[in-house]
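If you want the building blocks of each chain, they are given just below.
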Amino acid sequence: MAEKAPLREVRVVGRVLAVNERMAEENRRRFAARGVFVVNVMSSPGSGKTSLLQKTLAALAPRVSAAVIVGDVATTHDAERLAVTGVPVVQVNTDAFGGDCHLAAHVIERAAEDLDLGAIDLLFVENVGNLVCPAEFDIGEDARVVVLSVTEGEDKPVKYPAMFRTCHAALLNKIDLLPHLDYDKARALAYIRQVHPGMPVFETSARTGEGLAAWVDWLLAGLERKRAAAGR
Amino acid sequence: MHEMGIALQILEIAQASIPADLAGARVARVNLRVGRLTAVVADSLRFCFEIAARETPLAGAELAIEEVPVTARCGSCGERWTITEPVFLCRSCGGGGLEILSGRELDIVSIEVIDATGGQDG
């Protein structure tokens, strides 16, 4: 485009998502002040996040006071499924915010206002089912977890490296279905290790409960670290 | 899918960056640095930005996107290299303890404002 008037270049130099990152830091401070360990759970739609959370909440129930913020583009079905566990559940429908495909920090801030943070040890955020966009948005969590199920392609980790690189743990879910599938589990695990060497991977079945103990222990260890840091 | 949200953020930052002495001036170009390890699709971002910028000083502005490669340093042997495939293992010693040096950028570098005052100091 030929312009007659001269152009003046104005240096800006800033993160495009600076506003979100600032809000995420505020969330992080608020959660830390109450000693709440926050886990952001992400995956494709249909990986079994909600079932996994139901079982996880049941396993934690006697020891840990948990709550869930659940994000979906529409419907309150997941919140209804989680509410039966008896823990506080806040449903966020992102269509109210423009049909977003992820949860942003300001949405978490608002949703957390509906929770009594002083009474909560562990807050799960069940993000909108999507392996792309949530990777880019810090919400003020302590741990980021990605759930991959064996009914998906083995190569998801290399197709969505930003997601798998930014997570602290991965769950390979629905392993009870392995006998019925041609899924190459070794290949999937190799891809995860290739994208994020050393990241813990938990092989789980929300249906049978297999593998959940190790995952729950990992959560409890994170919670302990958070409590220690908060001086509790 | 989240590119519209990002486009709106760019628009907001760019509008706030127009110097006071050029208030009302149009912006011809926005220079961005986008790392290859971000979940941003350049074409979608341009498309969303074009729509979002309508009826603003950035209407018709070009989004100039510089892609930043993914570079890493091995924590074990110190090797530095550019990662071109989703393999985050040291190409020299095979170690997995990498520090990602670049590739996660989503930065706005500058805006180029049309200086209709004919300013010579640009």
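Owing to the predicted nature of the structure, the values given are computational and were not obtained by experimental measurement.

(A) Inspection of the overall build of chain A at higher detail. Assigned secondary structure in chain A consists of 8 helices and 8 strands. When the backbone C-alpha atoms are referred to their principal axes, chain A occupies close to 70 × 45 × 35 Å. Here chain A holds 232 residues, and the buried ones make up 53% of them. Intrachain contacts of chain A at a sequence separation of at least 6 include 75% that bridge at least 24 residues.

(B) Representation of the overall build of chain B within the structure. The number of helices and strands found in chain B is 2 helices and 6 strands. Beginning at the N terminus, the succession of helices and strands in chain B can be written as α-β-α-β-β-β-β-β. With 122 residues in all, chain B has 48% of them scored as buried. Look at the contacts in chain B between residues 6 or more apart in sequence, and 70% of them connect residues 24 or more apart. Surface summary for chain B: the accessible area is close to 6,000 Å², and the carbon and sulfur share equals 49%.

(C) Region of the structure containing the sheet that holds strand S1 (residues 27-35) of chain B. On the basis of which strands lie adjacent, the open sheet formed by 4 strands has the order S1(A)-S6(B)-S1(B)-S2(B) and mixed pairing. Single-partner strands in this sheet number two, and they are strand S1 (7-15) of chain A together with strand S2 (62-68) of chain B. Strand-to-strand, the axes of this sheet are offset by a mean angle of 20 degrees, without reference to chain direction. As judged from the 7 bridges shared by S1(B) and S2(B), these two strands associate in the parallel manner. Looking at S2(B), one finds that Arg29(B) is bridged to Glu62(B).

(D) View of a nonpolar patch on the surface. Residues Met4(B), Leu8(B), Phe47(B) and Ile51(B) make up a contiguous nonpolar surface patch of roughly 350 Å² in combined accessible area. As for its position among the elements, Leu8(B) is in helix H1 (residues 3-16).

(E) Summary view of the pattern of salt bridges. All names here are of chain A. Within this structure, the stated rule accounts for 26 salt bridges over all chains. Residues Arg15 and Glu21 are paired through a salt bridge, measuring 3.0 Å at the closest nitrogen-oxygen approach. Residue Glu21 is classed as partly exposed on the basis of its relative accessible area, which comes to 24%.

(F) Representation of the packing of aromatic side chains in the model. Residue and element names in this part refer to chain A. The tally for this structure, following the rule as stated, stands at 3 aromatic pairs over all chains. Their ring planes at 20 degrees and their centres at 6.0 Å tell us that Trp215 and Trp218 sit as a pair that is stacked. Of this pair, Trp215 and Trp218 both sit in helix H8 (residues 212-229), separated by 3 residues, roughly a single helical turn. By relative accessible area, Trp215 is classed as buried at 2%. In this structure Trp218 comes out as buried when scored by relative accessible area, which is 18%. Of the aromatic side chains, those joined through ring pairs into one cluster are Phe202, Trp215 and Trp218.

How each quantity is defined
- Residues numbered from 1 in each chain as written.
- Chains lettered and ligands numbered in written order.
- Predicted model: local features only at pLDDT ≥ 70, side-chain atom pairs only at ≥ 80, totals over all residues.
- Heavy atoms only, no water.
- Helix = DSSP H or I, 4+ residues; strand = E, 2+ residues; numbered from the N terminus.
- Buried < 20%, exposed > 50% of the residue type's maximum accessible area, 1.4 Å probe, protein only.
- Contact = heavy atoms within 4.5 Å.
- Areas by Shrake-Rupley, 256 points an atom, 1.4 Å probe, with all protein chains shown as cover.
- Pairing = 2+ DSSP bridges.
- Axes fitted to C-alpha atoms, helices over the stretch in contact; angles between N-to-C directions.
- Patch = residues over 30% accessible without salt bridge, like charges linked within 9 Å, V, L, I, M, F, W, Y side chains within 5 Å.
- Salt bridge = Lys/Arg side-chain N within 4 Å of Asp/Glu carboxyl O.
- Phe/Tyr/Trp six-rings, centres within 6.5 Å; stacked < 30°, edge-to-face > 60°.

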